[in-house]
Amino acid sequence: NAGVTQTPKFQVLKTGQSMTLQCAQDMNHNSMYWYRQDPGMGLRLIYYSASEGTTDKGEVPNGYNVSRLNKREFSLRLESAAPSQTSVYFCASSEALGGVSYGYTFGSGTRLTVV
Amino acid sequence: GNSVTQMEGPVTLSEEAFLTINCTYTATGYPSLFWYVQYPGEGLQLLLKATKADDKGSNKGFEATYRKETTSFHLEKGSVQVSDSAVYFCALRSQTGANNLFFGTGTRLTVIP
């Protein structure tokens, strides 16, 4: 099925551990995004990639790094996890930056708990 | 800057009731406006959009009209169903600066039979 695939779906980390969240899309979209969703705060943009080979910081980039590995894949890395990074993480993609024509396609999310 | 303010939830309605979820925005220029819906355990899905003033977006019985004079984009549905239970997010894409979506905090709707 066409769409955005995120792995893993659930993860528990200890403070200070590192991990990489994987995201892949098969819709030939140019732009990809990482958001975090926290209660009462909606979705906040962490990083985005307007096109293959480019990445930019969003609203809350501290503590994260990203890699646009190719047109399909956009990974999010936590180098040293902190309890404040406990959240649900969503990857999304769009045919062009901002997704005006067709909107964003979202993955089903990764629920991360840092203890 | 860009921001979206949504009505606080949660909202609980009986089946066939009328729904309004308020959304107002702050942006420079002429943003595009969206409503996204998130069903339990899933990612967000585009519900409808409007790209210029006075446009009406519609889908699945939901409607929203882009009102520049009141900077609003309220979501409405005439008769809700149990299957409409979800979290609804208003969002804008600014015409200037970084062309990303800015989301509201979401409004949880529960429809009871």
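Please refer to the structure higher up on the page.
Residues numbered from 1 in each chain as written. Chains lettered and ligands numbered in written order. Predicted model: local features only at pLDDT ≥ 70, side-chain atom pairs only at ≥ 80, totals over all residues. Heavy atoms only, no water.

Re the sheet that holds strand E7 (residues 64–68) of chain A
All names here are of chain A.
Next, step 1: Taken together, the 4 strands give an open sheet; going across it, the order is E1-E3-E8-E7, and neighbouring strands pair in antiparallel fashion. Each end of this open sheet is capped by a strand with a single partner; those strands are strand E1 (4–7) and E7. Ignoring strand direction, the axes of neighbouring strands in this sheet form an average angle of 15°.
Next, step 2: One ladder, built from 5 bridges, connects E7 with strand E8 (residues 74–78); its direction is antiparallel. By the bridge assignment, Arg-68 is partnered in E8 with Phe-74. (Pairing = 2+ DSSP bridges. Helix = DSSP H or I, 4+ residues; strand = E, 2+ residues; numbered from the N terminus. Axes fitted to C-alpha atoms, helices over the stretch in contact; angles between N-to-C directions.)

Structural notes on the layout of surface pockets
Next, step 1: Taken as a whole, the largest pocket spans an internal volume of roughly 770 Å³.
Next, step 2: Along the wall of the largest pocket there are 32 residues; nearest its centre are Gln-37, Val-88 and Arg-111 of chain A together with Gln-38 and Arg-108 of chain B.
Next, step 3: Of all elements in the fold, only strand E4 (31–38), strand E9 (87–94) and strand E11 (110–114) of chain A together with strand E10 (86–93) and strand E12 (107–112) of chain B reach the threshold of two or more residues within the lining of the largest pocket.
Next, step 4: Of the residues in the lining of the largest pocket, the class split is 12 nonpolar, 14 polar and 6 charged.
Next, step 5: If you add up the space inside the second largest pocket, you get close to 280 Å³.
Next, step 6: Considering the residues around the second largest pocket, the lining is formed by 21 residues, among which Leu-43 and Glu-59 of chain A together with Asn-2, Phe-102 and Phe-103 of chain B are closest to the centre.
Next, step 7: Listing elements by their share of the lining of the second largest pocket, those giving two or more residues are strand E5 (42–49) of chain A together with strand E1 (3–6) and strand E11 (101–103) of chain B.
Next, step 8: By residue class, the composition of the lining of the second largest pocket is 10 nonpolar, 8 polar and 3 charged. (1 Å grid on protein atoms, 1.4 Å probe; cavity = no way out; pocket = protein on both sides within 12 Å on 5 of 7 lines; lining within 4 Å. Points joined across faces, edges and corners; volume = space filled by probe spheres on them. Nonpolar A, V, L, I, M, F, W, Y, C, P; charged D, E, K, R; others polar.)

A few points about the nonpolar core
Next, step 1: Membership of the largest hydrophobic core comes to 26 residues, with the highest contact counts inside it found for Trp-35, Leu-47, Leu-48, Phe-73, Leu-75 and Tyr-88 of chain B.
Next, step 2: When residues of this core are traced back to their parent elements, those giving at least two are strand E2 (11–14), strand E3 (19–21), strand E4 (23–26), strand E5 (32–38), strand E6 (44–50), strand E8 (62–65), E10 and E12 of chain B.
Next, step 3: Broken down by element, the residue count for this core peaks at 4 residues, all from E10 of chain B.
Next, step 4: Excluding residues that lie within four positions of it along the chain, Leu-48 of chain B makes contacts with Leu-33, Phe-34, Trp-35, Gly-57, Ser-58, Asn-59, Phe-62, Glu-63, Ala-64, Phe-73 and Leu-75 of chain B.
Next, step 5: Counting residues in each nonpolar core, the second largest holds 20 residues, with Val-4, Val-60, Tyr-64 and Tyr-89 of chain A among its members. (Core = buried A, V, L, I, M, F, W, Y, C linked by side-chain atoms within 4.5 Å. Buried < 20%, exposed > 50% of the residue type's maximum accessible area, 1.4 Å probe, protein only. Contact = heavy atoms within 4.5 Å.)

As for the sheet that holds strand E7 (residues 56–59) of chain B
Picture the strands of a sheet paired through backbone hydrogen bonds; they go either parallel or antiparallel.
Residues and elements named next belong to chain B.
Next, step 1: Sheet architecture is open: 4 strands sit in the order E3-E9-E8-E7, paired in antiparallel fashion. Sheet topology places E3 and E7 at the edges, where each strand pairs with a single neighbour. If you compare each strand with its neighbour and ignore which way they point, the axes differ by 15° on average.
Next, step 2: Note: E8 against strand E9 (residues 75–77), 3 bridges, orientation antiparallel. When the bridges of E9 are listed, Ala-64 appears paired with Leu-75.

Points about the packing of aromatic side chains
Next, step 1: If you walk through the whole model with that rule in mind, you get 15 aromatic pairs over all chains.
Next, step 2: Both rings, one in Tyr-35 of chain A and one in Tyr-104 of chain A, keep their centres 6.5 Å apart while their planes meet at 50°; by these two values the pair is tilted. Linking Tyr-35 of chain A in strand E4 with Tyr-104 of chain A in the loop between E9 and strand E10 (105–106), this pair joins segments that are 69 residues apart in sequence. Neither Tyr-35 of chain A nor Tyr-104 of chain A differs from the other in exposure class; each is buried.
Next, step 3: Centre to centre, the rings of Phe-89 of chain B and Phe-103 of chain B are 6.4 Å apart; their planes meet at 90°, and the pair counts as edge-to-face. (Phe/Tyr/Trp six-rings, centres within 6.5 Å; stacked < 30°, edge-to-face > 60°.)

Some points on the interface of chain B and chain A
Next, step 1: Counting from both sides, the interface comprises 20 residues of chain B and, opposite them, 21 residues of chain A.
Next, step 2: The junction of chain B with chain A conceals about 1,500 Å² of combined surface from both sides, 57% of it contributed by carbon and sulfur atoms.
Next, step 3: Of all residues in chain B, Leu-44, Asn-100 and Phe-103 of chain B give up the largest surface area on contact with chain A, accounting jointly for 30% of the area buried on that side.
Next, step 4: Scanning the region where chain B abuts chain A turns up 0 salt bridges.
Next, step 5: Inspection of the region where chain B meets chain A yields 4 residue pairs in polar contact (both at pLDDT 80 or more). (Buried area = accessible area lost by both parts, 1.4 Å probe. Salt bridge = Lys/Arg side-chain N within 4 Å of Asp/Glu carboxyl O. Polar contact = N/O pair within 3.5 Å; in protein donor to acceptor, adjacent residues only side chain to side chain.)

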